[in-house]
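The chain contents come next:
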Amino acid sequence: MATTENDVLEEIRDQLESIKVPGAREATPENTWAELDVDSLDLVELVKALEDKFGITISDDDLKPIESVGAAIDLTMRLAEGSPA
C-alpha cells in the first residue's frame with residue numbers, strides 16, 4: 001500500500017504526542033518545529049520513528065533544512081517513493 005501524506009502526518013502527530021509535545025494532535029503541515037516547541041532531541045526521536053515506520057533513511061544533510069511539519073512530510077514522501085531527497 002502506498003504511503004500518503006496523511007499517513008506521514010498522522011505518524012508525526014503520534015510521535016510528537018509520545019514525546020509530550022503540547023498540541024501534537026493539532027499539528028498541521030504549516031507548523032514549524034519552533035512553533036511546536038520541538039527541540040533537537042525531540043527531532044532525533046521523530047526522525048528515528050519515521051525511518052522505522054516507513055523504511056527510509058534520513059541523513060543529517062537531508063534533515064538540516066527541514067524546519068516544519070510539511071517539509072518533513074515532503075521529505076518522508078520523497079524517500080518512501082525512492083526519489084532522491
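Just above sits the structure.
Residues numbered from 1 in each chain as written. Predicted model: local features only at pLDDT ≥ 70, side-chain atom pairs only at ≥ 80, totals over all residues. Heavy atoms only, no water.

> How should unusual backbone geometry be read in this particular structure?
Leave glycine aside and you will find that most residues have negative phi; peptide bonds, for their part, are mostly trans. Its identity is not glycine, yet K20 carries a phi of approximately 65°, on the positive side. Within the element layout of this structure, K20 appears in the loop between α1 (5-18) and α2 (40-54). Judged by relative accessible area, which is 69%, K20 ranks as exposed. (Helix = DSSP H or I, 4+ residues; strand = E, 2+ residues; numbered from the N terminus. Buried < 20%, exposed > 50% of the residue type's maximum accessible area, 1.4 Å probe, protein only.)

> What's the story with the pattern of salt bridges in this structure? I'm lost.
Pairing is possible between side chains of opposite charge, provided their charged atoms come close. Counted under the stated rule, the structure contains 6 salt bridges. For E10, the salt bridge goes to R13, with nearest N and O atoms at 2.7 Å. With E10 and R13 both in helix α1 and 3 residues apart, this pair spans about one turn of that helix. Take E10: its relative accessible area is 27%, and that puts it in the partly exposed class. Among the ionic contacts, a cluster of salt bridges with common partners joins E10, R13, D14, E17 and R25. (Salt bridge = Lys/Arg side-chain N within 4 Å of Asp/Glu carboxyl O.)

> Help me out: how do you make sense of the side chain of D42 in this one?
Mapped onto the secondary structure, D42 falls in helix α2. Although D42 lies buried, it forms no salt bridge, and the closest oppositely charged side chain, K20, sits 11 Å away as judged by the N-O distance. Dropping the residues within four chain positions of it, D42 is found in contact with I19, V21 and D37. (Lys, Arg positive; Asp, Glu negative; His and termini not counted. Contact = heavy atoms within 4.5 Å.)

> Quick question: what am I supposed to make of the side chain of S68 here?
Looking at the secondary structure, you find S68 in the loop between α3 (60-63) and α4 (69-80). At a separation of 3.1 Å, a polar atom in the side chain of S68 contacts the main-chain amide nitrogen of A71. Excluding anything up to four places from it in sequence, S68 contacts P29, N31, T32 and W33. (Polar contact = N/O pair within 3.5 Å; in protein donor to acceptor, adjacent residues only side chain to side chain.)

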